[in-house]
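Descriptive structure summary
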Amino acid sequence: MWRRIEVHPWLVAAILLLLLWLRLPRAIAFDIYTFLTRMSFQNASPFCLDPNFGVMKSFAPLPVFFALASATHPLLTPRQTSGIIDASVCKQLGAELAIGNVTVNFAEYISAGTNITLSRDYNLSTCTGSSQVVPVDLCRVAMRVETSNRSELTLEAWLPTNWTGRFLSTGNGGVSGCIQYADLAYTAGLGFATVGANNGHNGTSGLAFYKNDDVVHDFSDRSMHTGVVVGKQITKQYYGTAHTKSYYLGCSTGGRQGFKAVQSYPNDFDGVVAGAPAMAFTNLTSWSGHFFPIFGANTSATYIPAGAKWALIHQEILNQCDGIDGVVDGIIEDPALCYFRPEALQCPSNSTNTTACLTSPQVGAVKQVFEGYYGENGQLIYPRMEPGGELIAQFVLYTNGAFPYTTDWFRYVVYNDPTWDPATFSLKDATAAAIQNPFNIMTWEGDISAFRDAGGKVLHYHGQMDSIISADNSPRYYNHVSTTMGLTSSELDTFYRYFKISGMGHCSGGDGAHAIGQQGPETSTLDPQNNVLLRMVDWVENGNAPETVTGTKYVNDDKTQGVQFVRNHCKYPKRNFCIDPANYTKAEAWTCI
């Protein structure tokens, strides 16, 4: 019989450091570390060890967590550099850095645990986060990089003292020009020399695109590629030696940026982790805009206000499709198998109260949501919205008028007309955007043989509750690569693997086991099986390719409340099926078929 053991995190830290001081083999130390991090961590309070453990409820204080990780994890061993790395070396880097078109704004050495304040000036107030905790000792370098005589980008490099020899670039989101500081902290904390850029403009608006193709070029691909080129030079100068391997981590627009590198810059990265990629970009932008004409303003007969009716629609979708995967658990494991029939919610012909049903115009509108979007020539513009994410999508796409990213793209890129009215959006607009496709931002090349031949690997994932970018587009791209290159799935497995993450929303969150290590807050453990970034490292450097990706769901998405369930997500084209419905919260109750 097991007993619950109360252990303070600082005692754990002392024990692990003592074991390492006694020269315990790193592999054994990591086994102990993995065991402890699978327990129920409580931040700044005792935590318990329990035989029915899942994964961390919450991190121990960040500096402690990352210090222990780098000390014990076999994939996070610091690399020997040519000299001592300290504040004076960081200051020297800032003073001596001489790279064409690069101006150093500042270089500062920051101690682990420091909470830095982020600027909100220069249109940055719309970016999320006004501060960021730095998890490890590092050199932070902020730069201005000219990309043309009328465009520039802001670039930051976070260079950790406990460098593993690896380089990594982060991505962006939406049409925004916001450096993803949380991703910089997460990856630098794991020993990557990490860079992040503002994508050529500041803030979440597309106004900077107006009559400036150079800013559009930066947004399409030049910003990230330039950041990679500059970042690798800075890394070599700071550490006195070049990086050993290069990685990428991004989602949404960041996912598209990752695939853009795969398609157009095959030597930038050895491993790419790309989530919910905004590929077929111009068509996606049109698809996002076509919901406003479908539902109309709040006076339209087709309009469905946020709230009760959308909850009714969601429940009916679950009624029709939840059991397809072998168990009714509130999650549609593979929405591609769900063909929702909204007519089931049709109000009776003699009904005088329509609050708990849908009128005929409303049924027609909902039906269009879950149908593919076709163009003037009858060709598919973008696939349907997959059922399951409507409780969030109702606010993002269905009830609040025009989608802002679509409005900005058509006003400031397609037409260069700030007065363009998104309420008039039609198939003609979608056609115009697709034809324009500036700098091949579509990101839909099916031949990625150059990336494969360079030895690159790509791990592609997409949440099946995504309410912003239809998850149906990801297997469409995978299949496009398969047919373009003439490769079977087993042949693609050597360099390209795609995973459907059931119950994950847009890049994170959701009803399913969505914590797969794709972001810092979405990290349960540093075991590569549960962490897509470290799985990519293990695949590139040790040949350990993923067959499944293990995700974690916490009670109320709160690590302090414990693990609700764990699930292994299948490699496409396989899908998950429950073989033990009575124990569906256990990973072993599911199998890939």
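Residues numbered from 1 in each chain as written. Predicted model: local features only at pLDDT ≥ 70, side-chain atom pairs only at ≥ 80, totals over all residues. Heavy atoms only, no water.

**Here's the deal with the nonpolar core**
Our working definition: Here, nonpolar core means buried Ala, Val, Leu, Ile, Met, Phe, Trp, Tyr and Cys residues that are tied together by side-chain atoms lying within 4.5 Å of each other. Exposure is judged per residue with a 1.4 Å probe applied to protein chains only, and the accessible area is read against the type maximum: over 50% gives exposed, under 20% gives buried, and values in between give partly exposed. In what follows, a contact means two residues having at least one pair of non-hydrogen atoms within 4.5 Å.
Ranked by internal contacts, the top residues of the largest apolar core, which has 97 residues, are Met143, Leu159 and Tyr496. Beyond its immediate chain neighbours, meaning those up to four positions away, Leu159 contacts Leu93, Leu138, Cys139, Val141, Ala193, Ile234, Thr235, Tyr238 and Tyr239. Within the second largest apolar cluster, 27 residues are counted, among which are Leu168, Phe192, Leu459 and Val549.

**Some thoughts on the sheet that holds strand S9 (residues 192–197)**
Rules: When DSSP finds at least two bridges between two strands, those strands are taken to pair. For the purposes of this entry, the term helix denotes a DSSP run of H or I that reaches at least four residues, the term strand denotes a run of E that reaches at least two, and both are numbered from the N terminus. Every angle, taken between N-to-C directions, lies between 0 and 180 degrees, and every axis is a line fitted to C-alpha atoms, over only the stretch in contact when it is a helix.
As summarised here, the arrangement of the nine strands in space is S3-S6-S7-S9-S8-S10-S11-S14-S15, forming an open sheet in which the pairing is mixed. Two strands close off the open sheet at either side, each with one partner strand: strand S3 (102–110) and strand S15 (496–501). Taken pair by pair, the neighbouring strands of this sheet meet at an average axis angle of 15°, ignoring direction. Sheet analysis places strand S8 (residues 166–170) next to S9, joined by four bridges and oriented parallel. Among the inter-strand pairings, Arg166 is bridged to a residue of S9, identified as Phe192. Sheet strands touched by helix H4 (residues 87–96): S3, strand S6 (138–148) and strand S7 (151–160). Its angle to S3, the strand with the most contacts, is close to 170°.

**A look at the environment of Thr591**
One can find Thr591 in strand S19 (residues 590–592). Residue class for Thr591 comes out partly exposed when judged on its relative accessible area of 28%. Along the sequence, Thr591 and Arg567 sit 24 residues apart, while their C-alpha atoms lie 9.9 Å from each other. Non-local contacts of Thr591, meaning those with residues more than four positions away in its chain, are made with Arg575, Asn576, Phe577 and Ile579.

**With respect to the environment of Gly323**
Of note, Gly323 is situated in the loop between helix H10 (308–321) and helix H11 (360–369). C-alpha of Gly323 to C-alpha of Glu333: the two residues are 10 residues apart in sequence and 9.2 Å apart in space.

**Observations concerning the side chain of Lys309**
The cut-off we apply is this: A positive count includes Lys and Arg, and a negative count includes Asp and Glu. His and the chain ends are not counted in either. By definition here, a salt bridge exists when the distance from a side-chain nitrogen of Lys or Arg to a carboxyl oxygen of Asp or Glu is within 4 Å. As used in this structure description, the phrase polar contact means that two N or O atoms lie within 3.5 Å; if the pair is within protein, one of them must be able to donate a hydrogen and the other to accept it, and residues adjacent in sequence are counted only when both atoms belong to side chains.
With respect to the helices and strands, the residue Lys309 is situated in helix H10. Although Lys309 is buried, it forms no salt bridge, and the closest oppositely charged side chain is Glu316 at an N-O distance of 14 Å. A distance of 2.9 Å separates a polar side-chain atom of Lys309 from the backbone oxygen of Cys357. Among the polar contacts listed, one links the side chain of Lys309 to the side chain of Gln362, at a separation of 2.9 Å. Excluding anything up to four places from it in sequence, Lys309 contacts Ile304, Thr354, Thr355, Cys357, Leu358 and Gln362.

**A word on H11**
Since one α-helical turn is 3.6 residues long, residues separated by three or four positions face the same way. Inclusion rule: Here, the arc refers to the directions that run from the helix axis to the C-beta atoms.
Restricting attention to buried positions, one finds in H11 the residues Gln362, Val363, Ala365, Val366 and Val369. In an axial view of H11, the angular spread of the buried residues amounts to 160°, which keeps them on one side of the axis. Among the structural elements, helix H9 (291–295), H10 and helix H12 (390–398) are those in contact with the buried residues of H11.

**As for the state of the cysteines**
Put simply, the rule reads: Here, a disulfide means two cysteine sulfur atoms that sit within 2.5 Å of each other.
Scanning the entire structure with this criterion turns up six disulfides. Through a disulfide, Cys127 is tied to Cys178; the S-S separation comes to 2.0 Å. Because the torsion about its S-S bond is -80°, the bridge between Cys127 and Cys178 counts as left-handed. Remark: Cys178 occurs in the loop between S8 and helix H5 (181–189) and Cys127 occurs in the loop between strand S4 (115–117) and strand S5 (131–133); sequence separation between them is 51 residues. Accessibility expressed as a relative area gives 6% for Cys178, which makes it buried. Disulfide pairing places Cys570 opposite Cys592 at an S-S distance of 2.1 Å. The sign of the S-S torsion, about -95°, decides the handedness of the disulfide formed by Cys570 and Cys592: left-handed.

**What about the packing of aromatic side chains?**
Each aromatic ring pair is characterised by the separation of its centres together with the angle its planes make. Threshold: Think of it this way: a Phe, Tyr or Trp ring, Trp meaning its six-membered ring, pairs with another when their centres are within 6.5 Å, and the plane angle makes it stacked under 30 degrees, edge-to-face over 60, tilted otherwise. Cation placement over rings: the criterion is NZ of Lys or CZ of Arg within 6 Å of the ring centroid and within 35° of the ring normal.
In the structure shown here, the tally under the stated rule is 30 aromatic pairs. Taking 5.1 Å as the distance between ring centres and 85° as the angle between the ring planes, the aromatic pair formed by Tyr478 and Tyr572 counts as edge-to-face. Of this pair, Tyr478 sits in helix H16 (residues 473–485) while Tyr572 is found in the loop between strand S17 (563–570) and strand S18 (576–578), placing the two residues 94 residues apart along the sequence. Considered together, Tyr478 and Tyr572 belong to a single accessibility category, that of buried residues. Put simply, the rings of Phe259, Trp444, Tyr477, Tyr478, Tyr496, Tyr498 and Tyr572 pair up and form one aromatic cluster. When the ring centre of Phe219 is taken as reference, the NZ or CZ atom of Arg256 above it lies at 5.8 Å.

**So, the packing of H10 against H12**
Put simply, the rule is: When an angle is under 35 degrees it counts as roughly parallel; over 145 it counts as roughly antiparallel; between 65 and 115 it counts as roughly perpendicular; any other value is oblique. We call a crossing left-handed when the near helix sits turned anticlockwise from the far one by less than a right angle, and right-handed when that turn is clockwise. The nonpolar class holds Ala, Val, Leu, Ile, Met, Phe, Trp, Tyr, Cys and Pro. Asp, Glu, Lys and Arg form the charged class, and all remaining residues, Gly among them, are polar.
Relative orientation of the contacting elements H10 and H12 amounts to 135°, with a least axis distance of 9 Å. Between H10 and H12, the crossing angle belongs to the class labelled oblique. Once H10 is placed against H12, the crossing between them reads as right-handed. On H12, the residues that touch Trp310, Ala311, His314 and Ile317 of H10 are Glu390, Leu391, Gln394 and Tyr398. Residue composition of the contact of H10 with H12, by class: five nonpolar, two polar and one charged.

**A short note on the packing of helix H13 (residues 404–414) against helix H14 (residues 427–436)**
Relative to each other, H13 and H14 sit at 60°, their axes nearing to 12 Å. Accordingly, the angle class assigned to the pair H13 and H14 is oblique. For H13 against H14, the interelement crossing comes out left-handed. For the pair formed by H13 and H14, the contact residues are Phe410, Val413 and Val414 on the first element and Asp429, Ala432, Ala433 and Gln436 on the second.

**Description of helix H18 (residues 532–542)**
Among the 11 residues of H18, nine are classified as buried, and the element is accordingly described as predominantly covered. What H18 keeps buried is the set Val532, Leu533, Leu534, Arg535, Met536, Val537, Asp538, Trp539 and Val540. If you check the start of H18, you find a side-chain oxygen 3.1 Å away from the backbone N of Leu533, and it comes from Asn531. Phi for Gly543, located one or two positions after H18, is positive at around 75°.

**Considering the pattern of salt bridges**
The final tally for this structure, using the stated rule, is 19 salt bridges. Arg535 is paired through a salt bridge with Asp538; the nearest N and O atoms lie 3.3 Å apart. On the criterion of helical spacing, the pair formed by Arg535 and Asp538 is a turn pair, its members being three residues apart in helix H18. Accessibility expressed as a relative area gives 9% for Asp538, which makes it buried. Notably, a salt bridge pairs Lys553 with Asp557, separated by 2.9 Å at the nearest N-O pair. Judged by relative accessible area, Lys553 falls into the buried class, the value being 7%.

Distances and angles like these do not, on their own, reveal function.
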